[in-house]
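Fold and contact review
Here's the letter readout for the chains.
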Amino acid sequence: MTQDWKKLLNDEFNKPYFKSLQSFLTEERKIATVYPPENNVFQAFELTPFDELKVVILGQDPYHGENQAHGLCFSVPEGVPQPPSLVNIFKEIQTDINIQRPQSGNLERWAKQGVFLLNTTLTVQAGKPLSHKNKGWEIFTDEVIKQISREKTGVIFLLWGKHAQSKESLIDSGKHYILKAAHPSPLSAYNGFFGCKHFSKTNLILLESGKKEITF
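Basis of the calculations
- In this convention, every chain numbers its residues from 1, walking through the sequence in written order.
- The predicted origin of the model limits local features to residues at a pLDDT of at least 70 and limits the giving and counting of side-chain atom pairs to 80 or more, whereas totals for whole chains, interfaces and linings rest on all residues.
- Heavy atoms from the whole structure form the basis of all side-chain values; hydrogens and water molecules are not counted.
- Within this scheme, the nonpolar core is defined by two criteria: the residues are buried Ala, Val, Leu, Ile, Met, Phe, Trp, Tyr or Cys, and they are joined through side-chain atoms within 4.5 Å.
- Burial classes follow relative accessibility: with a 1.4 Å probe on protein chains only, a residue under 20% of its type's maximum area counts as buried, one over 50% as exposed, and anything between as partly exposed.
- The contact rule is simple, with two residues in contact once any of their heavy atoms fall within 4.5 Å.
- We place a 1 Å grid over just the protein atoms. Points where a 1.4 Å probe fits but has no way out form a cavity, open points with protein on both sides within 12 Å along at least 5 of 7 lines form a pocket, and any residue with an atom within 4 Å of a point lines it.
- Grid points are joined across faces, edges and corners, and a volume is the space filled by probe spheres set on the points.
- Only DSSP runs of H or I with at least four residues qualify as helices, and only runs of E with at least two residues qualify as strands; both kinds are numbered from the N terminus onward.
- By the convention adopted, Pro, Cys, Tyr, Trp, Phe, Met, Ile, Leu, Val and Ala count as nonpolar, Lys, Arg, Asp and Glu as charged, and the other residues, Gly among them, as polar.
- Multiplying one less than the number of residues by 1.5 Å gives the expected span of a helix.
- N or O atoms within 3.5 Å of each other form a polar contact, as long as, within protein, one can give a hydrogen and the other can take it, and as long as residues adjacent in sequence are counted only when both atoms are side-chain atoms.
- In short, DSSP must find at least two bridges between two strands for them to pair.
- As a rule, the C-alpha atoms of each element are fitted with a line to give its axis, helices using only the stretch in contact, and angles between N-to-C directions run from 0 to 180 degrees.
- Here, a salt bridge means any side-chain nitrogen of Lys or Arg that lies within 4 Å of a carboxyl oxygen of Asp or Glu.
- Any Phe, Tyr or Trp ring, taking Trp's six-membered ring, that has another such ring centre within 6.5 Å forms a pair; planes under 30 degrees apart are called stacked, those over 60 apart edge-to-face, and the others tilted.
- Here, a charge over a ring is recorded when the distance from Lys NZ or Arg CZ to the ring centre is within 6 Å and its angle to the ring normal is within 35 degrees.

Nonpolar side chains in soluble globular proteins generally cluster together in the buried interior. Among the nonpolar cores identified, the biggest contains 63 residues, and Trp 5, Phe 45, Ile 57, Trp 110, Phe 116, Phe 140 and Ile 148 are the most heavily contacted of them. Contacts of Trp 5, omitting those with residues within four sequence positions, involve Phe 45, Thr 48, Pro 49, Phe 50, Leu 53, Phe 116, Val 144 and Ile 148.

Moving on to the layout of surface pockets. Within this model, the largest pocket holds a volume of roughly 690 Å³. When contributions to the lining of the largest pocket are tallied by element, the ones reaching two or more residues are strand 2 (55–59), helix 4 (84–97) and helix 7 (161–165). Sorting elements by how many residues they give to the lining of the largest pocket places helix 7 first, with 5 residues. By residue class, the composition of the lining of the largest pocket is 17 nonpolar, 15 polar and 2 charged. The computed volume of the second largest pocket comes to approximately 200 Å³. What lines the second largest pocket is simply Phe 13, Phe 18, Leu 21, Gln 22, Leu 25, Thr 26, Arg 29, Glu 38, Val 41, Phe 42, Thr 123 and Trp 137. By residue number, the principal contributor to the lining of the second largest pocket is helix 2 (residues 16–31), which donates 6 residues. Each residue belonging to the lining of the second largest pocket can be placed in one class, and the counts come to 7 nonpolar, 3 polar and 2 charged.

Relative to the 20 Å expected for 14 residues at 1.5 Å per residue, helix 4 spans 20 Å between its end C-alpha atoms, a close match to the ideal helical length. Those residues of helix 4 that sit buried are Ser 85, Leu 86, Val 87, Asn 88, Ile 89, Phe 90, Glu 92, Ile 93 and Asp 96. Its buried side turned inward, helix 4 meets helix 5 (108–111), strand 5 (156–160) and helix 8 (198–208). Within two residues after helix 4, Asn 98 carries a phi angle of roughly 60°, on the positive side.

Moving on: the side chain of Thr 120. Among the structural elements, Thr 120 can be located in the loop between strand 3 (115–119) and strand 4 (124–125). Separated by 2.6 Å, the side chains of Thr 120 and His 163 make a polar contact. For Thr 120, the contacting residues outside a window of four places in its chain are Gly 59, Gln 60, Trp 137, Glu 138, Thr 141, His 163 and Lys 167.

Read across the open sheet, the 4 strands follow the order 3-2-5-6; overall the sheet is parallel. At either margin of the open sheet sits one strand with a lone partner, and together these are strand 3 and strand 6 (177–181). The average undirected angle you get between the axes of adjacent strands in this sheet is 20°. Here strand 2 pairs with strand 5 via 3 bridges, running parallel. Across the sheet, residue Ile 57 finds its bridge partner in strand 5, namely Leu 158. Strands strand 2, strand 3 and strand 5 of the sheet are contacted by helix 6 (residues 137–151), whose axis makes an angle of about 155° with strand 3.

Our next topic: the pattern of salt bridges. Opposite charge on two side chains lets them pair, provided their charged atoms get close. With the rule as written, the count across this model stands at 6 salt bridges. Note that Asp 142 is salt-bridged to Lys 167, the shortest N-O span being 2.8 Å. Pair noted here: Asp 142 is in helix 6 and Lys 167 is in the loop between helix 7 and strand 6, with a separation of 25 residues, a long-range link. Here Asp 142 matches Lys 167 in class, with each residue buried.

Here we take up the environment of Glu 52. One can find Glu 52 in the loop between helix 3 (43–47) and strand 2. C-alpha of Glu 52 to C-alpha of Phe 116: the two residues are 64 residues apart in sequence and 9.4 Å apart in space.

Following the criterion strictly, the structure yields 22 aromatic pairs and no others. Both rings, one in Phe 45 and one in Phe 140, keep their centres 6.0 Å apart while their planes meet at 50°; by these two values the pair is tilted. With Phe 45 in helix 3 and Phe 140 in helix 6, this pair connects stretches of sequence that are 95 residues apart. One aromatic cluster is present, built from ring pairs that chain together Trp 5, Phe 13, Tyr 17, Phe 18, Phe 42, Phe 45, Phe 50, Phe 116, Trp 137 and Phe 140. The side chain of Lys 152 reaches across the aromatic face of Phe 50, ending 4.9 Å from its centre.

Put into structure tokens, the structure is as follows:
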């Protein structure tokens with residue numbers, strides 16, 4: 001986690017809920033495999049400094065398969081097959097801004113350009129989706145979203161699906177841009193994710209704001 005994030009979130013780390021969360025994770029790692037690896041849990045905060053953040057994409061919880069999760073929502077490490085939601089994200093990018101689908105599903109390249117790839121729950125037990133829901137992570141990530149809303153202006157929030165859209169109330173829409181669409185999963189992508197054009201819209205907003213576009 002970069003120094004600007006640490007300074008911003010320092011109070012959260014000392015609160016009872018966060019200490020309980022840490023205790024839970026310590027015990028959980030003793031009895032089960034937890035993803036992502038411990039050194040990658042805060043990877044989104046490491047690769048996208050608060051000062052450089054321009055776009056926020058919200059996911060729910062990490063991938064629960066082996067070698068998939070590495071601390072960035074929707075992303076997988078180099079060499080790992082692209083999960084269905086990520087395949088659909090790349091399909092939309094291809095039709096929206098006419099670039100070829102990348103071979104790699106590693107979105108670190110986005111994170112380093114100011115795209116904050118935040119899951120609202122930052123850990124999961126192997127093979128058990130949503131297994132770390134309601135353990136404290138949501139309190140922490142809600143505060144992260146509030147801090148971004150409060151301390152920055154002109155951030156573009158991409159809210160895909162009902163879970164991400166449930167966080168809209170945490171964002172000051174008078175200061176920021178909110179783009180909403182269906183979730184990119186195969187179950188819902190045809191109900192409004194495909195054709196949302198969020199990638200070209202994002203770059204147009206950045207361009208009009210005098211900021212550098214994202215190379216998706």
